[in-house]
Structure formats: C-alpha cells, structure tokens
Amino acid sequence: SQKIEQNSEALNIQEGKTATLTCNYTNYSPAYLQWYRQDPGRGPVFLLLIRENEKEKRKERLKVTFDTTLKQSLFHITASQPADSATYLCALAPYSSASKIIFGSGTRLSIRP
Amino acid sequence: ETGVTQTPRHLVMGMTNKKSLKCEQHLGHNAMYWYKQSAKKPLELMFVYSLEERVENNSVPSRFSPECPNSSHLFLHLHTLQPEDSALYLCASSQDIGDNEQFFGPGTRLTVL
C-alpha cells in the first residue's frame, strides 16, 4: 500500500546545530514533494517544494533534497534557533493524480537554547 | 495573515445538529481544499475544487457535504456527525491544482458531543 513516513515523531536538538528531518515514501511515483511548518493551533505554512527531477532546493537556512532512488526527502535547517521549534510536515502528490496530496504525520522539532 | 479565513474558529455541535463551516480566500486562487486533522493522525485530504468543480472526493462520508459557489468561497455542510468527527478542519487554497504551494486557513476546531 502507499505510505509516507516521517521517521521521527519528535526531534530535540541544541540551538546552532543542523536539524535533519526525514520523509520516506513507498509505492508512490511522486511528481513533487513539499515541506510545511505547523505551529500549535494554526494551519500549516508552506516552506519548500521540490520536483521529481530536482535533487536539491535551498531557501535561506533551509535545504531540501529529493532522492527518488531511495524514495526519500531530507529537510535540513542549519544554524537552528528556538523559533524553529514546530511540527514539520512533508506532503507529496503522485503523477497519477496531481491534486491527491498526501501528508506525513509530521516531526515535532524542539530547539533548546 | 495568510489570505485564507475560516469561520467559525470553534464549533460545538450535537450529533443531530446541522452546521456549516465557511472558508474564504482573498488570493485570487483557482483551487480550494478541505482537510481534516485529528490528533496523532496525518492531515487527511477530504475534497478538492478547481474552478468551482469538485476534482477529488476522498471517500468522505456523506454526512460531510462540500459546496463551492465561486472560486473565493468554500463551505463544508455538516449533518448527523459522530463524536469521532471531532477534529480540526482546515481549508486551503492554491493558484491551481498540482505543484503549487497551498495557503492554509487557521482551521475550525470542531467538537461533536
């Protein structure tokens, strides 16, 4: 069956370090993959989108990689800050149905000062 | 703040009530979405509209009835809900369906007694 897994339910790291979050998928051929941030009681906020033919995308302190062989995306936050603490969601849509977006369950990231 | 508003923000209803959730986007987008977010579960896509036509209906029970009267407004009509329908209901919009970032509203926290 089709599945998206975000490997860590929670991740706790020291301020200033790089946070790395993982999103694995099975039985999909995704056209693209997105990462969102969600704070408690709020809707998700879009961060980055990476397409199937792209290996890496960057935006300020954020970097996303997409390995279609490993069926995996990695999301990095460099020089992490306490304000980066939130839940991070990955989402993908298959080629077969670009509107059928599926979200992972999220990783709750905590950055301690 | 995101250009997508949802009302009400909180709703408590009995199983025999009929209520409606409203979503409005001020971004000129062509696609709108309803999602359900339950505790400890991934965001679940419920319905997708593109140019006021429904393009996805993810096996959602008929007690949830969407309506998209124009490209700026989306409703979710609720009737004879069950306690397990209690969740955060999120509306989102995007320029078009496909590889476009989604802008989420703040959500409606629904409690079914």
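Look up a bit, the structure's there.
Here we summarise the structure given alongside this text. (Residues numbered from 1 in each chain as written. Chains lettered and ligands numbered in written order. Predicted model: local features only at pLDDT ≥ 70, side-chain atom pairs only at ≥ 80, totals over all residues. Heavy atoms only, no water.)

Here's the deal with the nonpolar core
Then, in step 1: Ranked by internal contacts, the top residues of the largest apolar core, which has 23 residues, are A:Leu33, A:Trp35, A:Phe75, A:Ile77, A:Tyr88 and A:Leu109.
Then, in step 2: For this core, the secondary structure elements donating two or more residues are strand E3 (19–26), strand E4 (30–38), strand E5 (45–51), strand E7 (62–67), strand E8 (72–77), strand E9 (86–94) and strand E11 (107–112) of chain A.
Then, in step 3: Dropping the residues within four chain positions of it, A:Phe75 is found in contact with A:Ala19, A:Thr20, A:Leu21, A:Trp35, A:Leu47, A:Leu48, A:Leu62, A:Lys63, A:Val64 and A:Tyr88.
Then, in step 4: Counting 22 residues, the second-largest nonpolar core is a separate cluster that includes B:Val4, B:Leu21, B:Cys68 and B:Leu81. (Core = buried A, V, L, I, M, F, W, Y, C linked by side-chain atoms within 4.5 Å. Buried < 20%, exposed > 50% of the residue type's maximum accessible area, 1.4 Å probe, protein only. Helix = DSSP H or I, 4+ residues; strand = E, 2+ residues; numbered from the N terminus. Contact = heavy atoms within 4.5 Å.)

Structural notes on the layout of surface pockets
Then, in step 1: Considered as a void within the structure, the largest pocket measures approximately 610 Å³ in volume.
Then, in step 2: Lining the largest pocket are 26 residues, and of these A:Gln38, A:Thr87, A:Ser105, B:Gln37 and B:Lys40 lie nearest its centre.
Then, in step 3: The set of elements that each furnish at least two residues to the lining of the largest pocket consists of E9 and E11 of chain A.
Then, in step 4: In terms of residue class, the lining of the largest pocket is built from 8 nonpolar, 11 polar and 7 charged. (1 Å grid on protein atoms, 1.4 Å probe; cavity = no way out; pocket = protein on both sides within 12 Å on 5 of 7 lines; lining within 4 Å. Points joined across faces, edges and corners; volume = space filled by probe spheres on them. Nonpolar A, V, L, I, M, F, W, Y, C, P; charged D, E, K, R; others polar.)

Section: the pairing of strand E6 (residues 56–59) of chain A
Then, in step 1: Of the strand pairs in this sheet, E6(A) and E7(A) are connected by 4 bridges, and their pairing is antiparallel. Along E7(A), the bridge assignment pairs A:Lys59 with A:Leu62. (Pairing = 2+ DSSP bridges.)

Side note on the environment of A:Cys23
All names here are of chain A.
Then, in step 1: Looking at the secondary structure, you find cysteine 23 in strand E3.
Then, in step 2: Separated by 89 residues in the primary sequence, cysteine 23 and arginine 112 have C-alpha atoms spaced 23 Å apart.
Then, in step 3: Filtering out sequence-adjacent residues up to four positions away, cysteine 23 remains in contact with Ile4, Glu5, Leu33, Trp35, Lys71, Gln72, Ser73 and Cys90.

With respect to the sheet that holds strand E3 (residues 18–25) of chain B
Residues and elements named next belong to chain B.
Then, in step 1: Taking strand neighbours across the sheet as the criterion, the 4 strands line up as E1-E3-E8-E7 in an open arrangement whose pairing is antiparallel. Only two strands of the sheet have a single neighbouring strand rather than two, namely strand E1 (4–7) and strand E7 (64–70). The average angle at which neighbouring strand axes cross in this sheet is 20 degrees, direction not considered.
Then, in step 2: Examined bridge by bridge, E1 and E3 share 4 bridges and lie antiparallel to one another. Bridge pairing links threonine 5 to glutamate 24 in E3. (Axes fitted to C-alpha atoms, helices over the stretch in contact; angles between N-to-C directions.)

Describing the environment of B:Ala39
Then, in step 1: Within the fold, B:Ala39 resides in the loop between strand E4 (31–37) and strand E5 (44–50).
Then, in step 2: The class of B:Ala39 is exposed, set by a relative accessible area of 67%.

Describing the state of the cysteines
Then, in step 1: Following the criterion strictly, the structure yields 2 disulfides over all chains and no others.
Then, in step 2: What pairs with A:Cys23 in a disulfide is A:Cys90, and their sulfur atoms sit 2.0 Å apart. The disulfide joining A:Cys23 to A:Cys90 has a torsion of about 65 degrees about its S-S bond and is therefore right-handed. Remark: A:Cys90 occurs in strand E9 and A:Cys23 occurs in strand E3; sequence separation between them is 67 residues. This pair shows no difference in class: A:Cys23 is buried, exactly as A:Cys90 is.
Then, in step 3: Between the sulfur atoms of B:Cys23 and its disulfide mate B:Cys91 the distance is 1.9 Å. Because the torsion about its S-S bond is -70 degrees, the bridge between B:Cys23 and B:Cys91 counts as left-handed. A residue pair is termed long-range when its members are at least 10 positions apart, and B:Cys23 in strand E3 and B:Cys91 in strand E9 (residues 87–94) qualify at 68 residues. Taken as a pair, B:Cys23 and B:Cys91 share a single burial class, namely buried.
Then, in step 4: Summary of cysteine pairing: B:Cys68 is not part of a disulfide, and the nearest cysteine sulfur, belonging to B:Cys91, is at 9.1 Å.
Then, in step 5: For B:Cys68, a relative accessible area of 12% translates into the label buried. (Disulfide = S-S within 2.5 Å.)

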